[in-house]
Amino acid sequence: LRLETMLRRSIEKDEIFLNYQPQVEVDSGRLIGVEALVRWDNPELGLVAPVRFIPLAEDTGFINQLGKWVLYESCRQMIRWQDAGLYVPKIAVNLSVKQFERGSIVCMVAEILKETGLEPHRLQLEVTESVIMNTGDALVFINDLHAIGVGLAIDDFGTGYSSLAYLKQLPVQTLKIDRSFIKDISTDSNDEAIAIAIIQLGKSLNLSVIAEGVETEDQAAFLLRHGCNQAQGYLYSRPELASVILERWR
Ligand code: G
Ligand code: G
Ligand code: NA
Ligand code: MN
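Residues numbered from 1 in each chain as written. Chains lettered and ligands numbered in written order. Predicted model: local features only at pLDDT ≥ 70, side-chain atom pairs only at ≥ 80, totals over all residues.

## Observations regarding the overall build of the chain
Now for step 1: Helix and strand counts for the chain come out as 12 helices and 9 strands.
Now for step 2: Computed over the C-alpha atoms, the radius of gyration of the chain is 18 Å, within 12% of the 18 Å expected from 2.2 N^0.38 for a compact globule of 250 residues.
Now for step 3: Dimensions of the chain along its principal axes, counting C-alpha atoms only, are 50 × 40 × 35 Å.
Now for step 4: Taking all 250 residues of the chain together, 36% fall into the buried category.
Now for step 5: A sequence separation of at least 24 residues applies to 66% of the contacts in the chain between residues at least 6 apart. (Helix = DSSP H or I, 4+ residues; strand = E, 2+ residues; numbered from the N terminus. Rg over C-alpha atoms; globule rule 2.2 N^0.38 Å. Buried ≥ 20, exposed ≤ 12 C-beta atoms within 10 Å, placed from the backbone. Contact = placed C-beta atoms within 7 Å.)

## Structural notes on the nonpolar core
Now for step 1: Ranked by internal contacts, the top residues of the largest apolar core, which has 62 residues, are Ala 36, Ile 91, Val 93, Leu 125, Ile 177, Ala 211 and Ala 231.
Now for step 2: Per element, the largest residue contribution to this core is 7 residues, and it comes from helix H3 (residues 63–83).
Now for step 3: In this structure, Val 93 is in contact with Ala 36, Val 70, Leu 71, Ser 74, Leu 123, Leu 125 and Glu 126, ignoring residues within four places of it in sequence. (Core = buried A, V, L, I, M, F, W, Y, C linked by C-beta atoms within 7 Å.)

## Some remarks on the pairing of strand E1 (residues 16–25)
Now for step 1: Here E1 lies mainly inside the structure; 7 of its 10 residues are buried.
Now for step 2: Relative to strand E2 (residues 31–42), E1 is paired through 9 bridges, and the arrangement is antiparallel. Paired with Tyr 20 across the two strands is Ala 36, which belongs to E2.
Now for step 3: Where E1 folds back onto E2 in an antiparallel hairpin, the turn is made up of 5 residues, including Gly 29, whose phi is positive at roughly 75°.
Now for step 4: In this structure, E1 lies alongside strand E9 (residues 230–231), joined through 2 bridges in antiparallel fashion. Of the residues in E9, the one forming a bridge with Glu 25 is Gln 230. (Pairing = 2+ DSSP bridges.)

## Re helix H7 (residues 138–147)
Now for step 1: Buried within H7 we find Phe 141, Ile 142 and Leu 145. Taken around the axis of H7, the buried residues stretch over an arc of 95°, which confines them to a single face.
Now for step 2: Tucked inside the fold, the buried residues of H7 contact helix H4 (97–101), helix H5 (105–116), strand E5 (123–128) and strand E6 (151–157).
Now for step 3: Looking one or two places after H7, you find Gly 149, whose phi comes out positive at around 100°. (Arc of directions from axis to C-beta.)

## Observations regarding unusual backbone geometry
Now for step 1: Positive phi, normally seen in glycine, also occurs at Asp 14, with a value near 70°.
Now for step 2: Along the chain, the position of Asp 14 falls in the loop between helix H1 (2–9) and E1.
Now for step 3: Taking the C-beta count within 10 Å as the criterion, Asp 14 has 8 such neighbours and is therefore assigned exposed.
Now for step 4: In this structure, Asp 156 takes a positive phi of about 55° despite not being glycine.

## Some words on the site of ligand 2
Now for step 1: Around ligand 2, a shell composed of 13 residues is seen, among which Gly 213, Glu 215, Gly 233, Tyr 234 and Pro 239 lie nearest.
Now for step 2: Looking at the shell around ligand 2, its residues break down into 4 nonpolar, 4 polar and 5 charged. (Near = placed C-beta within 6 Å. Nonpolar A, V, L, I, M, F, W, Y, C, P; charged D, E, K, R; others polar.)

It is worth stressing that arrangement in space is one thing and function is another; only the former is reported here.
So, in structure tokens, the structure goes:
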């Protein structure tokens, strides 16, 4: 309960901030985007991991406030980088299932884009398969978001259970291969087969595929060999502060 109280005050107390993890083109090393990852730094608790406070935020409804803050900050940061001379092509922002349940997600996103001036196609929303499958009106929301021009990526792809028939109906542009498949890609033949299958699926459905959790040159070489030219992971960069991104990529 105390944690909940502290979390509720975290935004007004300026304890919430974002890290950004670069997404790169594997062969050229070019920056193609960043993923925004929320952080909570409390004076008493120190840095609290998202796996601890996101579920709490979801259970208590605070996720709506938090999610809105994250979206605003992400879009604003894109403009700040641009003003400082760094053009980041796109930013990926995670959405939780509770944000879909609220219904007003589309209005909120449209308003934030308008206020910040970020072009809709430079915002990509990340949802997991379970979010899509467990939200009654997900298809409606997702179509509405598509209609206002924002992109959609399916996060942790391969770990859920979305049917391919369903996937085909969705206006999604990107599949993110879950990092659990990338981890042992060179040694585990099952993971290897799954990664290749997802890359092929992306090709067949005309979707872009990005691998997450890429940590080694071997993994990157594997991806290139199999036609996946987008990656994110510690090999390229950890999630960093906006200022660090600016220094490193400008
Ligand atoms: O670095 P990492 O520990 O940031 O992220 C842990 C988990 O928290 C990931 O599954 C990520 O998708 C999730 N996460 C990070 N930022 C956000 C956010 O802004 N909103 C939601 N809903 N989840 C997030
Ligand atoms: O669920 P989601 O895919 O949004 O989670 C992103 C999480 O993965 C964050 O916690 C982020 O810090 C973490 N992450 C990003 N790159 C790597 C990596 O190369 N290796 C590992 N182990 N984790 C990573
Ligand atoms: Na994500
Ligand atoms: Mn993921």
